[in-house]
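# Chain and residue survey
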Amino acid sequence: MPQSIPDGRRRKGDSSRQQLVEAMIQAVARHGLPGATISVVAELAGVSRSLVNFHFKQKEQLLDSALDLALHTYQQSLATALAECETTPSARLAADIRHDIHFAATHPELLALWYASWSERHSLQQYRATTLASDRLYRMAYTTCFEQLLGDTTLARRCGLIVDSFIDGLWLDCHLDPDNFSVSEAEACAEILLQSLLHTPASGANHAS
């Protein structure tokens with residue numbers, strides 16, 4: 001019975017911390033990284049500044065947790081999408097790209113967080129520490145699929161880079177001009193890109209780097 005008290009406090013503390021991290025994401029989306037102050041986060045979360053300071057001693061800790069939550073949200077979303085598709089390399093490629101297009105359109109606040117974190121030297125270092133390794137793994141997943149389909153390691157690496165850059169471009173377009181971003185148009189472009197890459201002659205791998 002006594003154990004229920006600390007467990008309950010821990011759950012309450014975890015819930016409060018989660019609420020503050022979500023408020024940090026909203027603060028960055030609305031006010032940019034410089035404007036996402038502790039006071040603004042407290043106001044958005046509907047709590048006192050002292051409670052924010054209790055959980056996070058510095059704004060940098062809040063940003064780290066926000067980036068972690070954004071990455072976790074993306075990972076869970078992608079895992080669900082891939083679990084529902086066929087297991088062939090071509091099906092995975094198509095599902096992966098389709099997921100990222102829809103993710104951009106449905107999570108503008110996370111796009112804002114990521115782009116804000118890339119804009120300043122210190123926050124860029126935080127992004128590299130929390131998220132960059134995962135980004136490299138996602139590109140490697142593209143490369144693996146292309147290698148299975150094309151049978152050429154160098155060409156697969158280049159195709160993986162092309163797809164990764166294509167997604168980055170779509171995300172930037174969605175972030176900068178969300179009102180004119182078309183999911184269906186982006187999917188159509190992705191289909192053209194995949195068809196072109198999967199019919200790329202293997203001799204392309206022999207071109208100079």
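Notes on the structure follow. All of these numbers come straight from a predicted model, not from anything done at the bench.

### A look at the environment of Ala95
Tracing the sequence through the fold places Ala95 in helix α5 (residues 89-106). Each C-alpha atom, one on Ala95 and one on Ala83, is 9.7 Å from the other, the two residues being twelve residues apart in sequence. Look past the residues within four positions of Ala95 in its chain and what remains in contact with it is Leu82 and Cys85.

### What about the packing of aromatic side chains?
For the structure on display, the rule yields eight aromatic pairs. Note on Tyr74 and Trp171: the rings are 6.2 Å apart at their centroids and 75 degrees apart in plane angle, and the pair reads as edge-to-face. With a gap of 97 residues between them, Tyr74 in helix α4 (residues 59-83) and Trp171 in helix α9 (residues 153-176) connect regions that are remote in the sequence. No difference in accessibility class separates Tyr74 from Trp171, as the two residues are buried. Taken together, a centroid distance of 6.1 Å and an interplanar angle of 20 degrees make the contact between Phe103 and Trp171 stacked. Taken together, the residues Phe103 in helix α5 and Trp171 in helix α9 connect sequence positions 68 residues apart. Connected via pairs of aromatic rings, a cluster forms that spans Tyr74, Phe103, Trp114, Tyr138 and Trp171.

About the criteria used
Residues numbered from 1 in each chain as written. Predicted model: local features only at pLDDT ≥ 70, side-chain atom pairs only at ≥ 80, totals over all residues. Heavy atoms only, no water. Helix = DSSP H or I, 4+ residues; strand = E, 2+ residues; numbered from the N terminus. Contact = heavy atoms within 4.5 Å. Phe/Tyr/Trp six-rings, centres within 6.5 Å; stacked < 30°, edge-to-face > 60°. Buried < 20%, exposed > 50% of the residue type's maximum accessible area, 1.4 Å probe, protein only.

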